[in-house]
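# Observations on the model geometry
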Amino acid sequence: MAPTLVIVFSAESWDVGFHMDNVTAGLFAAMSILIAGVYLLFAQNLSFPRKQHQIVTEHTALVNVTVFLVLVLAMLGLFMLVWVIILVIEMVVFPPNLMSNWPSLEDPAVGFVDLVRTGAFISTIGVLSGALAGGLESRTIVSHLTLFLDRP
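Basis of the calculations
Residues numbered from 1 in each chain as written. Predicted model: local features only at pLDDT ≥ 70, side-chain atom pairs only at ≥ 80, totals over all residues. Heavy atoms only, no water. Helix = DSSP H or I, 4+ residues; strand = E, 2+ residues; numbered from the N terminus. Contact = heavy atoms within 4.5 Å. Areas by Shrake-Rupley, 256 points an atom, 1.4 Å probe, with all protein chains shown as cover. Axes fitted to C-alpha atoms, helices over the stretch in contact; angles between N-to-C directions. Parallel < 35°, antiparallel > 145°, perpendicular 65-115°, else oblique. Left-handed = near helix turned anticlockwise from the far one by under 90°. Nonpolar A, V, L, I, M, F, W, Y, C, P; charged D, E, K, R; others polar. Salt bridge = Lys/Arg side-chain N within 4 Å of Asp/Glu carboxyl O. Buried < 20%, exposed > 50% of the residue type's maximum accessible area, 1.4 Å probe, protein only. Patch = residues over 30% accessible without salt bridge, like charges linked within 9 Å, V, L, I, M, F, W, Y side chains within 5 Å. Core = buried A, V, L, I, M, F, W, Y, C linked by side-chain atoms within 4.5 Å.

### Some thoughts on the overall build of the protein
Tallying secondary structure elements over the protein gives 6 helices and 0 strands in all. Each helix and strand of the protein, placed in order from N terminus to C terminus, yields the pattern α-α-α-α-α-α. Within the protein, residue pairs in contact and separated by at least 24 positions form 81% of the contacts whose partners lie at least 6 positions apart. As displayed, the protein has an accessible area near 10,100 Å², and 71% of this comes from carbon and sulfur atoms.

Quick look at the structure:
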């Protein structure tokens, strides 16, 4: 959530989200949710069986599909949660004419659809950063990111 709040206040993300068309924003969101689910499935090693086997039974395949669908639904829930938060920020926190005064806009009229699309773009970035953060739980990866090492 923290990287998403940083992205909320960068003008470039608002510019990109505003100038996207609806189909591109929808495809970007759908692909990001699927990619985040696949990434977490492999980064957390959630597929069964965990050891190398020659045969995967029907029950094991069903468990793998169920785990993947649960991950995709979790990413969809994260997307919706961040999208609602971004929409509330757009409508309540920011001044109503903030986006219409940008120098990059040819048409200064900003409608509700523009706000929804911009919120969806920022939420998509939040889902991707959340999935990447979910894959960083390995102690070796986190130890490489520390500023002060325990050993010389």
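Having seen the structure, we can now continue with the description.
### What to know about the packing of helix α4 (residues 58–93) against helix α5 (residues 112–134)
Two elements in contact, α4 and α5, have axes separated by 8 Å at closest approach and are oriented at 135°. Taken together, the axes of α4 and α5 are oblique relative to one another. Where α4 crosses over α5, the two elements pack in a sense that is right-handed. Between α4 and α5, the contacting residues are Met 75, Leu 78, Phe 79, Val 82, Trp 83, Ile 86, Leu 87, Glu 90 and Met 91 on the first element and Phe 112, Leu 115, Val 116, Thr 118, Gly 119, Ala 120, Ile 122, Ser 123, Thr 124, Gly 126, Val 127 and Ala 131 on the second. Class assignment for the residues of the contact of α4 with α5 results in 15 nonpolar, 5 polar and 1 charged.

### A look at the pattern of salt bridges
According to the stated counting rule, one finds 1 salt bridge in the structure shown. Two residues, Arg 117 and Asp 114, come together in a salt bridge whose shortest N-O distance is 2.6 Å. With Arg 117 and Asp 114 both in helix α5, this residue pair falls 3 residues apart, about one helical turn. A relative accessible area of 9% means that Arg 117 is categorised as buried.

### Brief notes about a nonpolar patch on the surface
On the surface, a cluster of nonpolar side chains totalling about 590 Å² of accessible area is made up of Val 84, Val 88, Met 91, Val 92, Val 93 and Phe 112. Structurally, Val 88 can be placed in helix α4. Relative accessible area serves as the criterion here: at 44%, Val 88 is assigned to the partly exposed category.

### Here we look at the nonpolar core
Core analysis: the biggest nonpolar cluster contains 15 residues, and Met 75 and Phe 79 have the highest contact counts within it. Among the secondary structure elements, those contributing two or more residues to this core are α3 (22–43), α4 and α5. Here this core takes 7 residues from α4, the largest share from any one element. Residue contacts for Phe 79: discarding those within four places in its chain leaves Ala 29, Ile 33, Ala 120, Ser 123, Thr 124 and Val 127. Counting residues in hydrophobic clusters, the runner-up holds 9 residues, among them Ala 25, Phe 94, Phe 121 and Ile 122.

### Remarks on the side chain of Ser 32
As for its position among the elements, Ser 32 is in helix α3. Setting aside residues no more than four positions away along its own chain, Ser 32 makes contact with Thr 124, Val 127 and Leu 128.

### What to know about the environment of Val 110
Mapped onto the secondary structure, Val 110 falls in the loop between α4 and α5. Separated by 13 residues in sequence, Val 110 and Asn 97 place their C-alpha atoms 8.3 Å apart.

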